[in-house]
Structure formats: structure tokens, C-alpha cells
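Inside the fold
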Amino acid sequence: MNVDDRSAWPDAPGAGPLGDGRYAAAVHRPTTVAELCEVVKAEAAAGGAVYPQGGRTGLDFGLPPARPGAAVDLTALADVVDYPHADMTITVRAGMTVAALQAILDEHNQRLLFEVPRADRATVGGALATGVCGPRRLGLGRPRDSIIGVSFVTAAGVEVKGGGRVVKNVAGYDFPKLLTGSLGSLGIITQATLKVRPRPAASALIWLTADRPEPLDARVAAFNTSSVRPTAIEILDPSASQALGGPVGLKGGSWTLIVGVEDDADSVAWQVDRFRREAGVDFDVLRDEASAPLWSALAAFQADDAPLACTASLRPSRIAAFLAGLRPGRWASQAHAGNGVVRMRGLGEWTEGEAAEAVDAARAAAVRDGGNLVVARCPTAWKPRLRVWGEPRGDWALGRKIKAALDPNGLMNPGRFAGEG
Amino acid sequence: MTATAAPTTIPLVRELAALLGEDGVLHRRDELVVYECDGYVIEKAVPDVVVFPTSTEQVVEVVKLCNQHDVPFVPRGAGTSLAGGTLPIGGGVMISLTRMKRIVEINARDRYAIVEAGVVNVWLTRALAGTGVHFAPDPSSQTACTIGGNVATNAGGPHTLKYGVTINHVRGVELVTPEGEVVQIGGVVEDQPGFDLTGLLVGSEGTFGIVTKVIVGLCRDPEAGRTLLAVFPTVEDSVEAVSGIVAAGIVPAALEMIDNLMIRAVEAAFHFGFPVEAGAVLIIEVDGVDAALDHEAQAISEIVQAHGGTIDKAIGWRTREEPEYKAIWKARKMAFGAIGRVSPTFCTQDGVVPRTALPHILRFMEGVSERTNIRIANVFHAGDGNLHPIILFDEQDPDQVKRALQASHEILDECIRLGGSVTGEHGIGVEKLAMMPKLFTPDDLAAMTAVHDALNPDNRCSPAKKIPVGGHCIERTSPGRRAPA
Ligand SMILES: Cc1cc2nc3c(=O)[nH]c(=O)nc-3n(C[C@H](O)[C@H](O)[C@H](O)COP(=O)(O)OP(=O)(O)OC[C@H]3O[C@@H](n4cnc5c(N)ncnc54)[C@H](O)[C@@H]3O)c2cc1C
């Protein structure tokens, strides 16, 4: 291990990117947890910071790294620890890619319950640390609902676990939930146990279009009394319809409602038919294999490299009004409408001032009804003005206490997470 | 002022009465005895005072007074804890949430409800009837337990197999911290930037403060369901069938097992029509879209038959209000009330094994029963691998008590050995503190302690619960006498 000076940021390319245009002073790629613990202890002793990395698909997420330090590459810790498939759980090391994990589950016709873009690169640890998920969250939940056990290396260089490998367990504090979405700021996730489920036999994506978002809102609301039980309810604005659905025949220039159902073949057929009768309109349907590309595109929308991207969390009933309030032509937006989540991608050129104005306006609309807006991506220099994590929340004070308890010297991913910067 | 309050708390009692009114404070010895224990009756501790705040502001003031007077405090909901979660260790003030019982808001469109902590689980269920949505956690104690208590224990129930436990249905809480500050954690929208503090708080058994309000997420009601009663010659056959169903990739809404001892007790009490000769029955429920359910029910029947079972009843339903449906679940949920007919004293254990290990653990329990000469009855959430062996004994017989305790320990140790847990839903409370070091390493416990101390620095809030902080591990000398779940 080569621990050098940690007092200044190295020039590019250093020992590899840390995100936000900053570079690592060293990179470690431990092959055992024991080695990882030693790395953390050595970096702590050298006074640097530790930046855990998986597939490097989300390095720019959050605020910029605050202090020079070392990257810790987890991709060598990538094995299956235990896959009792008949129990529908799997325990893997954090550095395994999500695609590799899915390939293992494929052997038993099972699947992961949350969708991760760039799954061929993104690791299980990275996906959990960012809490990423996609359209199926309506039916299948978020990563926090899948995770039942976690191990992580703390700033003290020791591996700690919480939860376990059984689906029901209330012994000890729920570290699995605490670590999920913590962006590596409490420790380095080394291992996780996840619930998995059988792949459904059939699937369909229904879509219909409208000139404005408001009529789609009534359709979304109707699912609260409908006989249909969708796994996903998505709304795409005209630009997103064009970008995502062009290849499968969605019309650009229109607003699109996409409803996904998954179950056995009879149920899916019945639900499609039922929706046709309830909605009283005709629509297009992609079934089974033919639906796969659009499902993937819907999950991958958030992973585009647009320089400006935001995620708003709202009450589902506010989605249409929120979308209608965004400036046409400036955003391509996708809503997980059943969950109240809007993913916005900036279109064309922006100046910092324009971006700040647009983000402030959208954020104000989100906050009005108890929602929030996070800037998922923007140029590093804009981050202070755009306030990546939004308005400070009252509960961040508790978060800071937990951070101080588990990482008193701010070793882990310093500066990046909500409430820190 | 009465002479029975501990002298040190007399000024505190006076201040509490000034704050809450005389009818908001109990401090006479005869009034306090009721609060000396919860559903876990083996250990007792009488609080110095019990208070009944009616608002968050009052809870804040109570907590501040406790801090000023340096006395411990503990929240209590309905007191149905089976792990001694509400025990006032070291005395002090018990904060009862039962007068904070308003359903503040129901928003079916946005699928949430806001309730005060003292709202009883089933009140919300009733209030939601006909809206098309429901609150999924349905502990067997749902007619008594509070949603604040469900949050504190991360309660489960028969239908949490498919829908998930309490944590999967809580969006946020209003918390009065141990220092007496009000913090809004999470909110009505699903995603919030920052740590998942809701995730950490649910299941923390009152050690991070007093929950005064809860924002729960609501699920769509199923379009239809089938509930099957499957009858088996032996317990082994029934749990082999459970493993078979799970392994076949079927995710039932509920999958509960009742063994012969319990069948007889339930029949004697409720005359539901369970076959008293059966070695075991399974209640197997599938729900979702009607069109899919006949296939699923058929697949389940085949698995049942392959394991020597027969389908005794099959109920098709559209709502959970249908009488036959309600009857079967009433029989299941009231099972515990029937145990008294079988044994003078009993202790319900709570352990978890991987679901495929159910046949093994059931055989193991039979061995334990033979070795210790102690009868063990079973009625539990089989689909989750969540056991509730009911250990039957006579507390007048010290030797039986010893053997019952041994049986209990052997079973939980075997759960750990199989990669399971010592509690799936009842919690650690005070009861299982000594078992934490068997599940977790000193490093794991040190990290949990660090988080505990960060949020509860003076350890005045619910001391000696959940994790072994400050040497509060008590060795059990008796297995307790408790109602099961
Ligand atoms: C017959 C019977 C059947 C049961 N069945 C089940 C079952 O199926 N599933 C299951 O999970 N459990 C079951 N239980 C256990 C128990 O009902 C649950 O743990 C329930 O969630 C406790 O709720 P309560 O309101 O009674 O809480 P209490 O017993 O009053 O308290 C439980 C714990 O929560 C804390 N607490 C309570 N209110 C608050 C608050 N507002 N803020 C912070 N902390 C608080 C207490 O300090 C204590 O640690 C059963 C119990 C019985 C007696």
C-alpha cells in the first residue's frame, strides 16, 4: 500500500477520478475484507479521506469531495457468499456488478426487485449506497425494501454487520436501512443480503398518449379504484417520449402514460383487457419479450449523461401540475407517477443562472406540498448555487449525530452527502 | 401529594400534574401496579409516575421535566409487548401515548395516512374500509396494539409475508427526541434526501425518543383472494409443504401453521371446525388479480397433496370482510387466548430460521420436547420462517420451570446456528438482551452502541432496552408466561 501526501489535491489523472473533477492520491483494490480494513486504518492514520468506488457510474452524485484522499475500489470483492434460492434470498459481496448478480439469479428464474441502470458496471454496493431504483418501485419497492442484511467497514477499519439473512428479523438496529442511500458516508458496504423473487411469467406495457399532462392525471388517479394492479405507472413528457419510446414506436410530441403489468399470463391478459374497458379508449401494448427494451429504457432514463438533471419527490396527485409547470423544450421528464417521483433531464445549453432559476422554480413547486428536489447532476461549479440536496431538513441534525458517531473524523466520502456541505 | 411516590420524584409529580392536570398523571401505588409489566410478565418494575399527554407539546414538556429531574422515562403504547419493551428499568416516568389517538389525515389518493402514536392498529383498518387502500401490518394483537408500538417494534403479522413488515409501510414520524426536541423525520412523499432515519427509527424499541405521530403508507386492497385450509397428518408434512410452496416461487399473502395441540385448543374455544385429528393445518392465502388465483391455488393444492395433505376448505373472496374469511382469521388470531385451556403457564418464543430449514427446526423442537419433557405447541408465521413455539409448563414446579427455560434456549440457539435470528417481530426488549452477543460481534454491538449514544446520550430514554448498553444484560431465571402472536 502506498500512502503518500494527503495535503493537496493531485492533478489529473492522479490515481483515478473521484468525481466532480477531483482525483485520488492513491487507489486501493483490496481482495479481502481484512485487507480493506487495513487500507482504511492506514488512510485514517495518514490523515486522508476514503472514497469507496464500485463501477464508477455515480461518482458525480452529491456535493464535491471535500478532502484529498484515496479511492477504494471494491470490484475485487465480488463473490456470492450464499444463495439459498429456495429461501429467495441472496448474500453477495458489494463489488459484484448488478448484471453479474442478475445472471446468477437467472439460473433459478429469479430477479432482483429494484432496477439499476448501467447494470454491467454498477455494483451492488454502489446501487445500495445511492438507493437507486426505477419504474418497478411501484410494485416491487425500493432497495430499502429488499435489503435484510448488511456488512460494512467503518472508519475505525472494522467490519460491522446489521440485520441478517432471514426475511424477518428485529434484533439490533436496522443498519441495512441506515446504510442504504447513505452514499458511502457512514462506511464502506462490503456485503449485503437481499430478498429476491421469482420472475413473473408474463409482462405487458400499455401506452396511451395525450396533448397535455392533466388528462393523464385522472387516469393515474383511477388506478386507486381500478381492478388493475400495475407494477409501474409512468408518465413521459413529449421529449422523453421521443427519447425513450422512439425506437419502440412511442410518438414524440405527445405526453405518454405507460402502465406496466407483470404476473402470470392469464392475469396479464385479463388486466390489459380490463384496463381497456375501464379506460374506454384504445391503446398500444407491448407484450412479454417485446416489452423488454422499453422496460429497460424506462429504468435507464436517469443514467443519461445530460449535464443537468434533477429528481423531484412529490405527492402523486401533484405530478401532472408539476410537469405542466416546467418550461416546455427545456426538460425531458419521466415520472414514476404512482410514487410521485419526477426525473428531469435538462435539454440543450444552459448557463448557471438559467439553471439556478429553473431549479429554484421547480424546487419551490415541489416543496410547497411537502416534496423536495435533488440535483442529480450538474457542473461542479454550479453545485453551491443549485444546492444539490435542497432545503436543509430538520432531521439532518440527527443524521449529523449518527455520522459523528460512526465516522468521528469525517474519513468516509467527506463533503458529499446531504447535510454535510 | 401522596406519601407513596418516591420522595425524589414528588416535586416532579407536582410539576407533571400542573402540566397535564390531575387526571393526566397516575402516581398512587395501587394505580401504578397495572403498569408494572406488559405482555412479558416475568420481570416487573413499577414506574414512579405514569403520564397521559394529549399532545406533542405536552410530551416535549414531560421529557424536558424528566431531564431536569434526571429521571428515566419510557414510552408505552398498549403494553402488548412480548419482550418487556415497556418495562421502566430504574423507575421514572412512563409516558403513555394512549390519549394521543387521533387519525389526523387519510389521503387515499396519495396513499398515506397520518395518525397519532396512540391510534390502535385496527382503528385505522376500520377507518380505511371502503377506500380501496389499507395499512398492511396486521399483528395478531391488532385490536389492542398501537401504531406507535408497531413502529417501535417493527411489528409483523400474518400478511406481512407478501406485503412486508411495518418498516415497509412507514414514510415518516414525528419524534420527540430524548432531549425534548421535536423532529419531523421523513414525510408524506416517498423519497427524502438524507439518511433513511425512518428506517433506523422503526424497530428501535423506544430507544431514540417518543414517537408522537406516524405517516404510514397505504397499499391497494387486493382485487381478490383465495384462502385455503390444508390439513396434514404430521407437523413435518406441513412444514415440508411450506418449504415446497416457497421453493416453487409462489409468494402467498399469508402462510400460517397451527399444530395439533393448538388446533385442539382453538376448537375447544371457538368451534371453528378445524379437524382435531390433524397433525397440523396450514392457512394458505394467495391474493392479487382474480384471473391468476385459480392457477396459484391449484399449484398449492398439488404441493399440499404431494406432502400428504388435503385441502379441507377453500374460500374465494373479493374483500376481507366476508364472514367465512373473517372466521378463519379470527380463529388464527385468537389462538393465543385458547392456550390457557392447555397449560397453566406458557411462554411464547419468537425465533426465525431460513424457510427451507423449517422441517429441520420442527424436528429439532420435537427432540427438545422429548429431552426436556416439556410440551411445545406451535402456531406461527410459517411462510416467513418466523417460529412462535409455545412452551407449556407449570410455574409452581421449579424443575419444570428450569426445563422450560432450557427448551427455550436450545431452540433459540438452534435458530442462530441455522443462520436465523432470536426475534422476528417481538423485539429484544429486556428479555433477549443477553442473546445479542450470540448474534452480533463486539464490533457490531459497539457500532450500535455508538448510534444509540449519539441519539440518546444520557440513556434516560428507555434505558436497558434493545441493545446491551451499560452492562444491563440480565440472565433469565424463568422463561416467563406470555401470550403468543
Ligand atoms: C396476543 C398477542 C399477539 C401478538 N401478535 C403479534 C404479531 O402478530 N406480530 C407482532 O409483530 N407482534 C405481535 N405481538 C406483540 C405486540 O403486540 C407488538 O409488539 C406491538 O407492536 C406492540 O404495540 P403496543 O402499542 O402494545 O406497544 P407497547 O407494548 O406499549 O410497547 C412496545 C415497545 O414500543 C415502545 N413504544 C410504544 N409506543 C411508542 C412510541 N409512541 N414511541 C416510541 N416507542 C414506543 C415501548 O417503549 C416498547 O419498547 C402480539 C402480542 C400479543 C399480546
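Notes on the structure follow. (Residues numbered from 1 in each chain as written. Chains lettered and ligands numbered in written order. Predicted model: local features only at pLDDT ≥ 70, side-chain atom pairs only at ≥ 80, totals over all residues. Heavy atoms only, no water.)

This brings us to the pattern of salt bridges. Scanning the entire structure with this criterion turns up 57 salt bridges over all chains. The residue E262 of chain A makes a salt bridge to R136 of chain A at a minimum N-O spacing of 3.0 Å. Of this pair, E262 of chain A sits in strand β15 (residues 255-263) while R136 of chain A sits in the loop between α3 (124-130) and α4 (137-140), and the two are 126 residues apart along the sequence. Overall, E262 of chain A belongs to the buried group, its relative accessible area being 12%. For R136 of chain A, a relative accessible area of 15% gives the class buried. Salt-bridge contacts for D30 of chain B lead to R28 of chain B; the nearest nitrogen and oxygen are separated by 3.0 Å. (Salt bridge = Lys/Arg side-chain N within 4 Å of Asp/Glu carboxyl O. Helix = DSSP H or I, 4+ residues; strand = E, 2+ residues; numbered from the N terminus. Buried < 20%, exposed > 50% of the residue type's maximum accessible area, 1.4 Å probe, protein only.)

Attention shifts here to the sheet that holds strand β9 (residues 147-153) of chain A. All names here are of chain A. Pairing in this open sheet of five strands is antiparallel, and the strands run β6-β7-β11-β9-β10 from one edge to the other. Here the strands that pair on one side only, and so sit at the sheet edges, are β6 (80-82) and β10 (159-163). Neighbouring strand axes in the sheet, compared pairwise and without regard to direction, differ in orientation by 20° on average. (Pairing = 2+ DSSP bridges. Axes fitted to C-alpha atoms, helices over the stretch in contact; angles between N-to-C directions.)

Residue and element names in this part refer to chain B. The environment of the ligand is formed by 35 residues, the closest being P75, G77, T80, S141 and T146. Contact between the ligand and G85: an oxygen atom at 3.0 Å from a main-chain N or O atom of the residue. E425 has a polar side-chain atom sitting 3.1 Å from a nitrogen atom of the ligand. Expressed as a share of its isolated accessible area of 970 Å², the protein-covered part of the ligand is 96%. Elements supplying a minimum of two residues to the shell around the ligand: β3 (73-76), α5 (147-153) and β10 (210-217). (Near = heavy atom within 4 Å. Polar contact = N/O pair within 3.5 Å; in protein donor to acceptor, adjacent residues only side chain to side chain. Areas by Shrake-Rupley, 256 points an atom, 1.4 Å probe, with all protein chains shown as cover.)

Below, the discussion takes up the environment of L18 of chain A. Residues and elements named next belong to chain A. By secondary structure assignment, the location of L18 is in strand β1 (residues 17-19). With 35 residues separating them along the chain, L18 and Q53 place their C-alpha atoms 8.4 Å apart. With near-sequence residues (within four places) excluded, L18 lies in contact with W9, Y23, A24, Y51, Q53, L59, P65, G69, A71 and R416. (Contact = heavy atoms within 4.5 Å.)

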